[in-house]
Structure formats: C-alpha cells, structure tokens
Amino acid sequence: MASYIARRKFLATLGGAAVAWPLTARGQQQAMPVVGYLRSGSRAASSQVEAGFRQGLSSIGFIEGRNVAIDYRYAENQNDRLMALTADLVRQPVAVIYAGDNIAAVMVKAATTTIPVVFRIGGDPIQLGLVTSLSRPDGNMTGVSFLSTATGAIRLQMMREAVPNAAVIGLLVNPANPNAELDTQEAQNAARKLGLELHVVGASNAQEIDTAFATLVQQRAHALVIDADPLFSNRRQQLTALTAHHTIPAIYATREFPDAGGLMSYGASNVDADRLGGIYVGRLLKGVGGIYVGRLLKGEKPADLPVQQAVKVELIINLITAKVLGLTIPLPLLGRADEVIE
C-alpha cells in the first residue's frame, strides 16, 4: 500500500518541470557509468556509510572517479524534496540507483520499473512492497535488509536490563517511516511480555522531537527506546543532548549515538550494510567494462541477486554517559557488549 500511494504521488512529480540540480556526474566522460545515490537524510551525518558503500564498490573493482561516477542526492529529511530528487535521477542516464533507506526505497519503487535498483533498508522488503521474493526478487530491485523490528524488541529488553526499576518506557518513532506501525506493534507486544507500560510518541522533524521529549517528561517515562530512522540518525546530537538534559536513559539503533554521547545502542552495523549494498551495485555494473550503453547493463540483473540479510549486529555501551546518568550497567549486559566506551 505504501508503495502504491508513493507511486501515485510520484507520477505527478515526474510530470512536472525538471528539477535544477548541479550534477558532478554530467562533467564525467560519457563512457563512465553513473550510480545514482539517494537518501532521505542528511549528507553531513552520512560520511561513514558513504565510505562503506564506496568500499563495497571498490572490492568489485569500481573506484569513484576512475571507472564509475556517483551522483549523490540527499533530501535533508524533506520528503517533498525526495520526490523531486528521485524524479530527476530517473530522468538522468544513471546505470543503477542506490536507495539508502526505507523512504528512499519506497519512492524509487514508485518511480521506475526499468532502472536497476539496489536498496539498503531496515525491515522486511516484502512487507514494504519492494519485492515479492527474497531468494529471487522480481522486477528491477534487490538489495540488503536488516530486521530492525526484531532488534527493536531486543532493545526494549536491554533497556529494561540496564534500568531494572523502569516501569514506564517511552518509544520514539517517526510516523513518516514505512516501518513505524510495525515497529510500534512489535514493541507493544514485547512490553506486554515484560510487564512494562509503553508510551509511544512520534516525531517527523526537529521541533517535534523537542515536543516528544516534553510529552515523555509529563508521562514520567523512566527510560526511552529510539526507533531506527534516518531522521533520528541525522538529529543524534539533538537526541543525545535531550536525553542528558532530562536525565532519561535511552537505547538507540546504531553505534553513532553512543559515539555522540548516547548511553547505548543495539542494531545492525550501518557501515557494513552499505558495504554489502556497494558490492551489489558493483555486481550489477560488472561487465560494463567502463563502457556505458544507454540504460542497459551487461552484468548481472537484480533478479539474479537474492536480497541479502545484514547479519552483523553490535551492542555498544557508553560507560561515561552511564556514570553521568547515575546508572550502574549490570555485568551480564556489559559482558555481551561488542564495545564499551570508557
């Protein structure tokens, strides 16, 4: 359904005027294939995942600027802008589109059935309407997924371990994320099993994040689980500052948060997932031999590449932040950590 609605909105955008956008790829030689790199978030917060993507590409033999050009498009958390960027990419002579998050993937699905697409998402690509089979994707899409919903329930359990006296826990989701409803249901089921009272708050921009925290304070939440979402990753400085200001222990989806002063994170490695995505883009490009021929690839097709499950997950705990919050992290939880920041 999300894909259908996005497609209807997108067709109107595609029929409009072309979006003016400076393309470094236009200055490249005609013979060099171009990869359209699309994300809904901010480039300023994406340097590590970009590097992971380029690492995957280079492992297949494609080096940016040497035998492949990458046309980077970031919507800076503005979905209307994402529509326009997607429409412009479809109009360009790109060999492959890389959709780096859920919203971008759904948007690209609505935009083209001919350009090969590699997605990197958190969640089930079948439920999101991207493919009908993981083992043999139909159409023009394949990619990498990590089950953020499953890890979300584990994050709730870990938060309970870290704050054993917590009876009321908040869950922050972005309602614009296609996974938000499913993530909320899974968290509610997990909360029931743990005997916890769960308060769900939503935020789709920076101002709404502030409002969500004010609501959680009123609801006397003892701890917080923050859902996986590009907006939250881009606003991690704001989120970690708010949790510190309100003295609310929080667990996040990726290690970038503890690195920025958050308490702890559990989830898939974003860098590793993008590395795998880069490998798939390279495999689609393989065989082009540096010669770009229209929009047809001489390498493998998306249907030849099963959707990969990113299996590398990591638990990161920041003991400096724990001390500031007055928390003593239980030894069994510390023992399971892949990295402890001290």
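Note that the structure is a prediction, hence the values are computed from the model and not measured.

A. View of the pattern of salt bridges. All chains considered together, the criterion is met by twelve salt bridges. D88 is paired through a salt bridge with R73; the nearest N and O atoms lie 3.3 Å apart. Taken together, the residues span a long stretch of sequence, with D88 in helix α3 (residues 79-91) and R73 in strand β2 (residues 69-74) at a distance of 15 residues. For D88, a relative accessible area of 2% translates into the label buried.

B. Region of the structure containing the layout of surface pockets. In this structure, the largest pocket occupies an estimated 520 Å³ of space. Around the largest pocket sit 41 residues that line it, and R120, D229, P230, S233 and N270 are the ones nearest its centre. Mapped onto the lining of the largest pocket, the elements with two or more residues apiece are α2 (47-59), β4 (117-122), α5 (148-162), α8 (230-234), α10 (256-259) and β10 (264-268). Broken down by element, the lining of the largest pocket gets its largest block of residues, four residues, from α8. In the lining of the largest pocket, the residues fall into 14 nonpolar, 17 polar and ten charged.

C. Structural detail: helix α7 (residues 206-218). Compared with an ideal rise of 1.5 Å per residue, which puts 13 residues at 18 Å, α7 spans 19 Å between its outermost C-alpha atoms and is within 8% of the ideal. What α7 keeps buried is the set I209, A212, F213 and L216. Mapping the buried residues of α7 onto a view down its axis gives an arc of 100°, with all of them on the same face. Exposed residues lying more than 90 degrees from the buried face of α7 are Q207 and Q218. Looking at the packing, one finds that the buried side of α7 touches β6 (168-173), β7 (197-202), β8 (223-226), α8 and α9 (236-245). Looking at where α7 begins, the residue whose side-chain oxygen comes 3.2 Å from the main-chain nitrogen of Q207 is N205. Backbone geometry just downstream of α7 places R220 in the positive-phi region, at approximately 55°.

D. The arrangement of α3 in detail. Taking 1.5 Å of rise per residue, 13 residues should cover 18 Å, and α3 covers 19 Å from first to last C-alpha, within 8% of that figure. Of all the positions in α3, only L82, M83, A84, L85, T86, A87, D88, L89 and V90 are classed as buried.

E. Quick look at the pairing of β8. Burial along β8 is two-sided: the face carrying A223 and V225 and the face carrying L224 and I226 are both buried. Direction of pairing for β6 relative to β8: parallel, over a ladder of four bridges. Paired with I169 across the bridge in β8 is A223. Two strands pair when backbone bridges link them, and β8 and strand β9 (residues 250-252) are joined in this way by two bridges, in the parallel orientation. Opposite V225, over in β9, you have I251 as the bridge partner.

F. How the structure looks around the pairing of strand β3 (residues 96-99). The alternating pattern of β3 places V96 and Y98 on one face and I97 and A99 on the opposite face, and all of these are buried. Pairing of strand β1 (residues 34-39) with β3, which is carried by four bridges, proceeds in the parallel orientation. Considered in β3, the bridge of Y37 is made with Y98. Strand direction decides the pairing type here: β3 and β4, joined by three bridges, are parallel. From the neighbouring strand, I97 faces β4, where its bridge partner is V117. With helix α4 (residues 102-111) bridging β3 and the parallel β4, this β-α-β connection has right-handed handedness.

Cut-off values and rules
Residues numbered from 1 in each chain as written. Predicted model: local features only at pLDDT ≥ 70, side-chain atom pairs only at ≥ 80, totals over all residues. Heavy atoms only, no water. Salt bridge = Lys/Arg side-chain N within 4 Å of Asp/Glu carboxyl O. Helix = DSSP H or I, 4+ residues; strand = E, 2+ residues; numbered from the N terminus. Buried < 20%, exposed > 50% of the residue type's maximum accessible area, 1.4 Å probe, protein only. 1 Å grid on protein atoms, 1.4 Å probe; cavity = no way out; pocket = protein on both sides within 12 Å on 5 of 7 lines; lining within 4 Å. Points joined across faces, edges and corners; volume = space filled by probe spheres on them. Nonpolar A, V, L, I, M, F, W, Y, C, P; charged D, E, K, R; others polar. Expected span 1.5 Å × (residues − 1). Arc of directions from axis to C-beta. Contact = heavy atoms within 4.5 Å. Polar contact = N/O pair within 3.5 Å; in protein donor to acceptor, adjacent residues only side chain to side chain. Pairing = 2+ DSSP bridges. Right-handed = clockwise from strand over helix to strand, strands pointing away.

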